[in-house]
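# Reading the structure
So you can see what is in the structure, the chains are spelled out below.
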Amino acid sequence: MSRRSLRPQLNQIRGWVRQGRTDAWIAHQLEVTVQQIQAFKREQGLEPDAEDNGTAVEEVDLRAEDDAQIAAELEAEAKRRAEEEARAAEEAARKAAEEEAAAAEAAATADDEDDKPKRGSRRRGGRSRRRSAPAGPLEGTFDHGEEGYGLWLDPAIQDDPIYAEHWAGHRPIEITVEEDQIVIRRAGASEDSDED
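Residues numbered from 1 in each chain as written. Predicted model: local features only at pLDDT ≥ 70, side-chain atom pairs only at ≥ 80, totals over all residues. Heavy atoms only, no water.

### What to know about the overall build of the protein
The cut-off we apply is this: The secondary structure listing takes helices from DSSP runs of H or I that are at least 4 residues long and strands from runs of E that are at least 2 residues long, numbered from the N terminus. It only takes one pair of heavy atoms within 4.5 Å for two residues to be counted as in contact. To be clear on the numbers: accessible area is Shrake-Rupley with a 1.4 Å probe, and residue cover counts the displayed protein chains and nothing else.
The helix and strand tally for the protein stands at five helices and six strands. For the protein, the sequential pattern of α-helices and β-strands runs α-α-α-β-β-α-β-β-α-β-β. Summarising the internal contacts of the protein: among those between residues at least 6 apart in sequence, 40% fall at separations of at least 24. Carbon and sulfur atoms provide 48% of the accessible area of the protein, an area that totals close to 16,500 Å².

This is how it looks when you write it as structure tokens:
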């Protein structure tokens with residue numbers, strides 16, 4: 001707290017001292033330190049007297065009441081701050097929800113306006129569900145070595161999402177050998193089946 005002159009509050013402080021108010025209560029009311037109040041009381045001779053103007057003043061101990069009032073004020077201030085923080089958090093959550101809804105609406109509007117696909121918002125850390133078209137035909141080698149026949153595919157095949165979804169792992173297949181091509185199909189799938 002900054003040091004300030006208490007001279008303008010002399011009469012008010014004098015009244016509080018006569019009422020028996022504590023230095024802590026007076027300091028709280030005037031927003032100064034207890035040490036400043038004690039020094040001011042010494043300088044002004046405001047120590048509580050048994051007599052004032054020749055009449056006896058009944059000494060009333062208001063310390064417990066002062067402490068309770070200060071505690072109530074501090075508790076009310078803490079409650080007010082907590083309410084303000086809760087309102088600020090609610091407002092931030094509401095704004096975030098509005099921004100998310102606006103972004104979703106903008107994305108939906110953009111999808112309706114354009115036929116070409118646009119990059120949508122992605123979740124952090126998640127995998128994209130969009131399938132990318134293969135960059136071009138993949139290469140492979142047909143091996144008819146000493147241990148039998150084999151088909152060696154370009155390692156880039158593992159990056160192809162269609163391969164990963166429908167062909168990765170061990171699958172029973174049917175092979176048709178023609179003069180200019182070898183056709184590999186899943187066992188049990190018809191030629192014009194578009195399921196997988």
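### So, the confidence of the model for the protein
Our working definition: Predictor confidence is given residue by residue as pLDDT, running from a minimum of 0 to a maximum of 100.
Residues of the protein with pLDDT of at least 70 account for 72%, and the chain-wide mean is 76. In the model, residues 50–57 has pLDDT below 50 throughout and makes six contacts with residues more than four positions away in sequence or in other chains.

### Description of the pattern of salt bridges
Here is the rule: The term salt bridge refers to a pairing of a side-chain nitrogen on Lys or Arg with a carboxyl oxygen on Asp or Glu at a separation within 4 Å. Between buried and exposed lies partly exposed: a residue is buried under 20% and exposed over 50% of the maximum accessible area for its type, with that area taken using a 1.4 Å probe on protein chains only.
What the rule picks out here adds up to six salt bridges. Residue Lys41 is joined to Asp23 by a salt bridge in which the shortest nitrogen-to-oxygen separation is 2.6 Å. Linking Lys41 in helix H3 (residues 34–44) with Asp23 in helix H2 (residues 23–30), this pair joins segments that are 18 residues apart in sequence. The exposure classification of Lys41 matches that of Asp23, with both residues buried. We note a salt bridge from Arg94 to Glu98, for which the minimum N-O separation is 2.4 Å. Remark: Glu98 and Arg94 occur in helix H4 (residues 63–113); sequence separation between them is four residues, near one turn of the helix. Members of the salt-bridge network, linked through shared partners, are Glu77, Arg80, Arg81 and Glu84.

### Some remarks on the pairing of strand S6 (residues 182–186)
Cut-off, in case you're wondering: Strand pairing is assigned whenever DSSP detects at least two bridges linking the two strands.
Pairing of strand S5 (residues 173–177) with S6, which is carried by five bridges, proceeds in the antiparallel orientation. Counted as the bridge partner of Glu174 is Arg185 from S6. Two successive antiparallel strands, S5 and S6, enclose a turn made up of four residues.

### Quick notes on the environment of Gly15
Of note, Gly15 is situated in helix H1 (residues 10–19). As a C-alpha pair, Gly15 and Leu46 span 31 residues in sequence and 9.7 Å in three-dimensional space.

### Description of the environment of Leu10
Here Leu10 shows up in helix H1. Given a relative accessible area of 13%, Leu10 falls into the buried group. Filtering out sequence-adjacent residues up to four positions away, Leu10 remains in contact with Phe40, Gln44 and Leu46.

### As for the side chain of Asp23
When its relative accessible area of 17% is taken as the criterion, Asp23 is described as buried. Residues contacting Asp23, with those up to four places away along its chain left out, are Val34, Ile37, Gln38 and Lys41.

### Focus on H1
Put simply, the test is: By arc we mean the arc of the directions from the helix axis to the C-beta atoms, nothing more.
Residues of H1 that are buried include every one of Leu10, Ile13, Trp16 and Val17, and no others. Buried residues of H1, viewed axially, fall in a sector of 130°; they line one side. Here the buried face of H1 lies against H2 and H3. Among the residues trailing H1, Gly20 stands out with phi positive, at a value near 90°.

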